[in-house]
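Architecture at a glance
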Amino acid sequence: QGPAFLDLFLRAVGIAGLDTTRDVRVATEVGTAFLPSARRIDVVVEVGGTGIGIENKPWAPDQDAQLADYARQLRARYGDGRYHLVYLSGSGGPPASLPEADRARLVAAGRFHQLDYHPGLMRWLVGCRERCEA
């Protein structure tokens, strides 16, 4: 399918301007290198030199300062303008582990994106099914 599903996902969360036709890597359970706790970002997609950290919370609550730590880790790894943090929310609510002022700052900078399971993630899945060539 090439980059079709990734392109649809990036569009769904509001990330534009990345060339997904080459230099794309995906890793799961990516450890946070410099943090004292043994946290793991669920999925990290690297597109060129840009990192996209995805935290999936279908039902479990956030851990204390979890997304704030992930934002710090991504910024340290990829640089201030070369990362995005995506929060997949099963409940539809904002992350409890990222203070509202920090979230607003990241949103204003185009670095934080939230996608709710319903309807957002469901729309993405339907779009993938429609684009699927198999």
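Our structure's up above, just so we're on the same page.
Attention here is on the structure that accompanies the text. (Residues numbered from 1 in each chain as written. Predicted model: local features only at pLDDT ≥ 70, side-chain atom pairs only at ≥ 80, totals over all residues. Heavy atoms only, no water.)

With that settled, consider the overall build of the protein. Of regular secondary structure, the protein possesses four helices and five strands. Each helix and strand of the protein, placed in order from N terminus to C terminus, yields the pattern α-β-β-β-α-β-α-β-α. The C-alpha atoms of the protein give 14 Å as radius of gyration, which agrees with the globular expectation for 134 residues (14 Å, within 12%). Seen through its principal axes, the protein has C-alpha atoms that stretch 45 × 30 × 30 Å. With 134 residues in all, the protein has 40% of them scored as buried. Pairs at least 24 residues apart make up 62% of the contacts formed inside the protein by residues separated by at least 6 positions. Entry remark: accessible area of the protein is about 7,500 Å², with carbon and sulfur atoms responsible for 53%. Where the 16 positive side-chain charges of the protein centre and where its 16 negative ones centre are 3 Å apart. (Helix = DSSP H or I, 4+ residues; strand = E, 2+ residues; numbered from the N terminus. Rg over C-alpha atoms; globule rule 2.2 N^0.38 Å. Buried < 20%, exposed > 50% of the residue type's maximum accessible area, 1.4 Å probe, protein only. Contact = heavy atoms within 4.5 Å. Areas by Shrake-Rupley, 256 points an atom, 1.4 Å probe, with all protein chains shown as cover. Lys, Arg positive; Asp, Glu negative; His and termini not counted. Charge placed at Lys NZ, Arg CZ, Asp CG, Glu CD.)

Along helix H1 (residues 4-13), the residues classified as buried are Ala4, Leu8, Phe9, Leu10 and Val13. Summarising the contacts, the buried residues of H1 are in contact with strand S3 (50-57), strand S4 (83-89), strand S5 (112-116) and helix H4 (117-131). Looking at the residues trailing H1, positive phi occurs at glycine 14, about 90 degrees.

This part is about the environment of glycine 17. Considering the arrangement of structural elements, one finds glycine 17 in the loop between H1 and strand S1 (24-31). The spatial distance from the C-alpha of glycine 17 to the C-alpha of cysteine 132 is 23 Å, given a sequence separation of 115 residues.

Glancing now at the nonpolar core. Counting 14 residues, the largest nonpolar core has Leu67, Leu74, Leu85, Leu98, Leu106 and Phe112 as the members making the most contacts within it. Sort the elements by how many residues they give to this core and helix H2 (residues 66-78) lands first, with six residues. Among all residues touching phenylalanine 112, those that are not within four sequence positions of it are Leu67, Leu85, Tyr87, Pro95, Leu98, Arg103, Leu106 and Val107. Core analysis: the next-biggest nonpolar cluster, separate from the first, contains 12 residues, Leu10, Val13, Ile15 and Leu121 among them. (Core = buried A, V, L, I, M, F, W, Y, C linked by side-chain atoms within 4.5 Å.)

With that settled, the discussion passes to the sheet that holds strand S2 (residues 40-47). Whether parallel or antiparallel, the strands of a sheet pair through hydrogen bonds between backbone atoms. Read across the sheet, five strands follow the order S1-S2-S3-S4-S5 without closing on themselves; strand pairing throughout is mixed. With partners counted over all chains shown, the strands left at the sheet margins are S1 and S5, one partner each. Here the strands of the sheet are splayed against their neighbours by 20 degrees on average, with no regard to which way each runs. Pairing of S2 with S3 involves five bridges; the strand directions are antiparallel. Within S3, the residue paired with valine 47 across the bridge is threonine 50. Contacting S1, S2, S3, S4 and S5, H1 runs over the sheet at an angle of about 100 degrees to S5. Sitting on the sheet, H2 touches S1, S2, S3, S4 and S5, and the angle it makes with S4 is about 155 degrees. (Pairing = 2+ DSSP bridges. Axes fitted to C-alpha atoms, helices over the stretch in contact; angles between N-to-C directions.)

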